[in-house]
Amino acid sequence: MIEDIRRQLDAYHAWLRDKSVLRQINQWVEITTPYLDRHNDYLQIYAKPVNGGYLLTDDGYTIDDLEQSGCGLETGKRQELLQMTVNGFGVQVQDKILQVKASADNFAIRKHNLIQTMLAVNDMFYLAEPRIASLFLEDVASWLDGCEIRYISRAKFSGSSGYDYLFDFVIPKSRTAPERVVHAINRPGRQSAQKMAFSWHDTRTGRAPATRAYSILNDSEGAVSQHVIAAIGSYGVKPVPWSERESVRAELAA
């Protein structure tokens with residue numbers, strides 16, 4: 001099992017390295033990553049030397065794109081969720097720009113954290129229609145609260161690769177049930193499924209053996225692809241369409 005996980009991690013790192021493209025722009029280096037945004041464009045970040053280290057930013061793309069799509073972040077609740085997300089990865093928001101400082105020793109981890117923040121912020125806040133009043137993450141939290149399920153919000157775990165991952169909810173172990181990790185996916189698709197699967201694959205060895213993982217999938221706008229459900233389930237994560245959430249109420253509340 002360990003060797004299989006090591007091969008999977010090696011393949012992931014090779015994919016990340018081989019699919020990244022660098023371009024010099026004045027004092028900045030543009031890094032085109034293999035990760036896709038909601039427009040199916042490759043995510044780009046920018047790096048430049050600063051005081052013996054590096055400054056990494058998204059050049060304001062993530063928040064600007066959401067606002068131009070009609071998803072404003074002005075309300076107190078959304079600002080709170082934004083800060084919780086970026087703080088979980090050690091990233092800062094400066095004039096709507098996501099940025100993080102790195103050294104030569106932690107450049108790879110800081111780059112990883114910035115990209116994960118861009119993906120998390122985009123997925124958490126993007127609304128398919130501006131008229132939608134609430135965020136999917138808020139809906140999941142409200143449902144858990146209504147079920148009187150105790151949880152810790154926005155928990156960060158370190159993976160065996162050394163990278164950090166943020167999960168939306170962690171339900172502590174009880175006398176009758178093990179620890180449960182719950183992550184909400186607003187826009188279930190191939191990339192979000194792979195991201196969830198790899199995040200859990202990389203972190204599960206650091207959790208108790210009995211820990212269970214769940215992925216709550218937003219199917220409000222249409223059925224979730226069976227390929228997505230199969231991809232998540234193949235890594236030991238239980239996929240739960242939002243419309244079927246009551247099927248796991250008892251085991252999450254235990």
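## Observations regarding the sheet that holds strand β8 (residues 164-171)
Here 5 strands make up an open sheet; going across it, the order is β7-β8-β9-β10-β11 and the pairing mixed. Of all the strands in the sheet, the pair left with one neighbour each is β7 (152-158) and β11 (237-241). Within the sheet, the average angular offset between the axes of one strand and its neighbour, ignoring direction, is 40°. By the bridge criterion, 6 bridges tie strand β9 (residues 180-185) to strand β10 (residues 212-217) in an arrangement that is parallel. Paired with Val181 across the strands is Ala213, a residue of β10.

## Some thoughts on the sheet that holds strand β2 (residues 28-36)
Reading across the sheet, the 6 strands line up as β1-β2-β3-β4-β6-β5 and stay open at both edges, with antiparallel pairing between neighbours. Each having just a single partner strand, β1 (21-25) and β5 (92-94) make up the two edges of the open sheet. Between one strand axis and the next, the sheet turns by 30° as a mean value, whatever way the strands run. Examined bridge by bridge, β2 and strand β3 (residues 42-50) share 5 bridges and lie antiparallel to one another. Considered in β3, the bridge of Thr32 is made with Gln44.

## Brief notes about the packing of aromatic side chains
All told, the structure shown has 7 aromatic pairs when counted by the stated rule. A centroid spacing of 6.3 Å and a plane angle of 80° characterise the contact between Trp143 and Trp242, whose relative ring orientation is edge-to-face. With Trp143 in helix α5 (residues 136-146) and Trp242 in the loop between β11 and α8 (249-253), this residue pair connects regions lying 99 residues apart in the sequence. Of the two residues, Trp143 and Trp242, neither departs from the other in class, the shared state being buried. On the numbers, 6.2 Å between centres and 70° between planes, the contact of Tyr165 with Phe198 is edge-to-face. Of this pair, Tyr165 sits in strand β8 while Phe198 sits in helix α6 (residues 190-203), and the two are 33 residues apart along the sequence. Tyr165 gets classed as buried once you look at its relative accessible area, which sits at 2%. On the accessibility criterion, Phe198 (12% relative accessible area) is buried.

## Details of the side chain of Gln99
Along the polypeptide, Gln99 turns up in strand β6 (residues 97-102). Classification of Gln99 as buried rests on a relative accessible area of 15%.

## What to know about α5
Of the positions making up α5, those classed as buried are Phe136, Leu137, Glu138, Val140, Ala141, Trp143 and Leu144. One or two positions beyond α5, positive phi appears at Glu148, with a value near 55°.

## Section: helix α7 (residues 226-233)
Taken together, the buried positions of α7 are occupied by Val228, Ile229 and Ile232. Down the axis, α7 shows its buried residues gathered within 100° of arc, on one side only. Facing away from the buried surface of α7 by more than 90 degrees, the exposed residues are Gln226 and His227. Packing partners of the buried residues in α7 comprise β9, α6, β10 and β11. Capping of α7 at its N-terminal end is provided by Ser225; its side-chain oxygen lies 3.1 Å from the backbone amide nitrogen of His227.

## Focus on the confidence of the model for the protein
Mean pLDDT for the protein: 86, with 94% of residues reaching 70 or above. Averaged pLDDT values for the elements of the protein fall to 73 in helix α1 (residues 2-18) and rise to 96 in strand β4 (residues 53-57). Long-range and interchain partners of residues 128-133, a stretch whose pLDDT sits below 50, account for 5 contacts in this model, where long-range means more than four residues apart.

## Concerning the pairing of β1
As defined by bridge partners, β1 adjoins β2 across 5 bridges and the pair is classed as antiparallel. When the bridges of β2 are listed, Gln24 appears paired with Val29. What sits between β1 and β2 in their antiparallel hairpin is a turn of 2 residues, with Asn26 showing a positive phi close to 55°.

## Re unusual backbone geometry
Although it is not a glycine, Asn26 sits at a positive phi angle of roughly 55°. The topology assignment puts Asn26 in the loop between β1 and β2. Asn26 sits in the exposed class, given a relative accessible area of 67%. A positive phi is found at Asp95, a non-glycine position, where the angle reads about 50°. Along the chain, Asp95 turns up in the loop between β5 and β6.

Thresholds applied
- Residues numbered from 1 in each chain as written.
- Predicted model: local features only at pLDDT ≥ 70, side-chain atom pairs only at ≥ 80, totals over all residues.
- Heavy atoms only, no water.
- Pairing = 2+ DSSP bridges.
- Helix = DSSP H or I, 4+ residues; strand = E, 2+ residues; numbered from the N terminus.
- Axes fitted to C-alpha atoms, helices over the stretch in contact; angles between N-to-C directions.
- Phe/Tyr/Trp six-rings, centres within 6.5 Å; stacked < 30°, edge-to-face > 60°.
- Buried < 20%, exposed > 50% of the residue type's maximum accessible area, 1.4 Å probe, protein only.
- Arc of directions from axis to C-beta.
- Contact = heavy atoms within 4.5 Å.
- Polar contact = N/O pair within 3.5 Å; in protein donor to acceptor, adjacent residues only side chain to side chain.
- pLDDT = per-residue confidence, 0-100.

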